[in-house]
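# A structural walkthrough
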Amino acid sequence: MSWAGPEDIYLSTSLASYLDRKLLVLLRDGRKLMGILRSFDQFANAVLEGACERVIVGEQYCDIPLGLYVIRGENVVLIGELDTEREELPPHMIRVSEAEIKRAQKVEREASELRGTMRKRMEFLDFD
């Protein structure tokens, strides 16, 4: 087993500057998680304390509490520090309950599926 060279040290400490800070983590599936980074490893696996998932549908949003959360590094697209001094969302955003945001997600998903179905039907007609 060889020792890590200087370039490996820079890669492994890139998340070290974010330890004990509030982060926003964007995952491959589009979920947005917020929490305090408590630990990470060389694969960018991370542990968030006080994590919550921010769900946004239109102008509504909800923070769903998750508690202590382990994130597999291969699912991470983006990690950024949140400024705790600033407002996190524009003022026109409306905070709603978890049940309401789930209903809004379902309606949005059904509308998206309907658009996809209509597009397939239009392609079938082939007006070109």
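Residues numbered from 1 in each chain as written. Predicted model: local features only at pLDDT ≥ 70, side-chain atom pairs only at ≥ 80, totals over all residues. Heavy atoms only, no water.

## Details of the sheet that holds strand E2 (residues 32-40)
The line we're drawing: A strand pair is defined by DSSP finding two or more bridges across the two strands. Numbering of helices and strands runs from the N terminus, with a helix taken as a DSSP run of H or I at least four residues long and a strand as a DSSP run of E at least two residues long.
In spatial order, the strands read E5-E1-E2-E3-E4-E6; together these six strands make up an open sheet with mixed pairing. Lying at the two open borders of the sheet, with one neighbouring strand each, are strand E5 (76-81) and strand E6 (94-95).

## Structural notes on the pairing of strand E4 (residues 60-71)
Note: strand E3 (residues 46-57) against E4, 10 bridges, orientation antiparallel. Along E4, the bridge assignment pairs Glu53 with Ile64. Between E3 and E4, which pair antiparallel in sequence order, lie two residues; one of them, Gly58, sits at a positive phi of approximately 60 degrees.

## Let's talk about unusual backbone geometry
Glycine aside, a negative phi is what most residues show, and trans is what most peptide bonds show. A positive phi angle, close to 65 degrees, is found at Asp20, a residue other than glycine. As for its placement among the helices and strands, Asp20 is situated in the loop between helix H1 (6-12) and strand E1 (22-27). At Ala44, a position not held by glycine, the phi torsion is positive, near 70 degrees. Here Ala44 lies in the loop between E2 and E3.

## Description of the pairing of E3
Sheet topology note: the E2/E3 ladder contains seven bridges and is antiparallel. Residue pairing in the sheet places Leu33 in a bridge with Glu53 of E3. Between E2 and E3, which pair antiparallel one after the other, the connecting turn spans five residues, and Ala44 there sits at a positive phi close to 70 degrees.

## Details of the side chain of Arg54
As a reminder, the rule being used: When a residue's accessible area, from a 1.4 Å probe over protein chains only, is under 20% of the maximum for its type it is buried; when over 50% it is exposed; and in between it is partly exposed. In protein, a polar contact means a hydrogen-donor-capable atom and an acceptor-capable atom, both N or O and within 3.5 Å, with residues adjacent in sequence counting only if both atoms are side-chain atoms; elsewhere, any N or O pair within 3.5 Å suffices.
Relative to the helices and strands, Arg54 is located in strand E3. By relative accessible area, which is 9% here, Arg54 ends up buried. Separated by 2.7 Å, the side chains of Arg54 and Asp63 make a polar contact.

## A few points about the pattern of salt bridges
So the rule is basically this: The rule for a salt bridge is simple: a side-chain nitrogen of Lys or Arg has to be within 4 Å of a carboxyl oxygen of Asp or Glu.
According to the stated counting rule, one finds seven salt bridges in the structure shown. We note a salt bridge from Arg21 to Glu81, for which the minimum N-O separation is 3.1 Å. Placement of the pair is Arg21 in the loop between H1 and E1 and Glu81 in strand E5, with a sequence separation of 60 residues. On the accessibility criterion, Arg21 (39% relative accessible area) is partly exposed. Through salt bridges with shared partners, a single network forms among Asp20, Arg38 and Glu49.

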